[in-house]
Amino acid sequence: MTTITAGDRIPTWELPITPTLVVSTAISTRDFQDVHHDRDIAQAAGSKDIFVNILTSTALVERYVTDWAHEVTGHWDTEVQGIAIRLGAPAYPYDTLTFTGSVASVEDGLATLTVTGSVSLGDHVIGTVKVAV
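Since we're looking at a predicted model, the values are computed, not measured.

Caption draft 1: Structural view of the overall build of the protein chain. On a plain count of helices and strands, the protein chain comes out with three helices and five strands. Along the protein chain, helices (α) and strands (β) appear in the sequence β-α-α-α-β-β-β-β when read from the amino end. Structurally, the protein chain occupies a C-alpha span of about 50 × 25 × 20 Å along its principal axes. Looking at the protein chain residue by residue over its 133 residues, the buried ones come to 38%. Summed over all atoms, the accessible surface of the protein chain reaches about 7,300 Å², with 52% contributed by carbon and sulfur. Placing the 7 positive and 16 negative side-chain charges of the protein chain at their respective mean positions leaves the two points 5 Å apart.

Below, the structure is given as structure tokens:
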């Protein structure tokens, strides 16, 4: 088991965004908003294309952190204590969502991580995740 300390970097994770990813994750989160699965409606609303919904963005941030925690600790049971995110640039199909992060602090058995998920247009999601260590 590796010790988690402030300043540790989380390895980069790149996720290709496909139309199937956008549509299937929107539906699986019960988000039936048309802009997440109908290109014509999304474009009529002023968007370039369909785009990833906030629930999927949140889940991808959590996956990024918990996959890293598993690698570091060797345990699958990472306890997420909180996620606070802010959305920025839309994540469209045929782009790549690239996650980076680091450990901001470790106090009283709680690690606070900073996470950024970027696409070609800029930062898609930024935020912090707190995990028990």
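That covers the picture; the talk isn't over yet.
Caption draft 2: Structural detail: the pattern of salt bridges. Scanning all chains against the criterion turns up two salt bridges. Here Arg-39 and Asp-49 are joined by a salt bridge, their closest N and O atoms 2.8 Å apart. On the criterion of sequence distance, the pair formed by Arg-39 in helix H2 (residues 39-44) and Asp-49 in the loop between H2 and helix H3 (54-73) is long-range, its members being 10 residues apart. Judged by its relative accessible area of 36%, Arg-39 is partly exposed. The exposure class of Asp-49 is buried, given its relative accessible area of 7%.

Caption draft 3: View of the packing of aromatic side chains. Across all of its chains, the model carries three aromatic pairs by this definition. The interplanar angle of 20° and the centroid separation of 5.3 Å between the aromatic rings of Trp-13 and Phe-99 together place this pair among those described as stacked. With Trp-13 in strand E1 (residues 9-16) and Phe-99 in strand E3 (residues 96-107), this residue pair connects regions lying 86 residues apart in the sequence. Members of the aromatic cluster, connected to one another through ring pairs, are Trp-13, Tyr-64 and Phe-99.

Caption draft 4: Spotlight on the confidence of the model for the protein chain. Put simply, the protein chain has an average pLDDT of 94, and 99% of its residues get 70 or more. Within the protein chain, no element has a lower average pLDDT than H3, which sits at 94, and none a higher one than E1, at 98.

Caption draft 5: Seen up close, the nonpolar core. Among the nonpolar cores identified, the biggest contains 29 residues, and Ile-17, Tyr-64, Val-65, Trp-68, Phe-99, Leu-113 and Val-115 are the most heavily contacted of them. Mapped by element, the contributors of at least two residues to this core are E1, H3, E3, strand E4 (110-119) and strand E5 (122-132). Examining the composition of this core, we find that seven residues originate from one element, H3, more than from any other.

Quick notes on the rules
- Residues numbered from 1 in each chain as written.
- Predicted model: local features only at pLDDT ≥ 70, side-chain atom pairs only at ≥ 80, totals over all residues.
- Heavy atoms only, no water.
- Helix = DSSP H or I, 4+ residues; strand = E, 2+ residues; numbered from the N terminus.
- Buried < 20%, exposed > 50% of the residue type's maximum accessible area, 1.4 Å probe, protein only.
- Areas by Shrake-Rupley, 256 points an atom, 1.4 Å probe, with all protein chains shown as cover.
- Lys, Arg positive; Asp, Glu negative; His and termini not counted.
- Charge placed at Lys NZ, Arg CZ, Asp CG, Glu CD.
- Salt bridge = Lys/Arg side-chain N within 4 Å of Asp/Glu carboxyl O.
- Phe/Tyr/Trp six-rings, centres within 6.5 Å; stacked < 30°, edge-to-face > 60°.
- pLDDT = per-residue confidence, 0-100.
- Core = buried A, V, L, I, M, F, W, Y, C linked by side-chain atoms within 4.5 Å.

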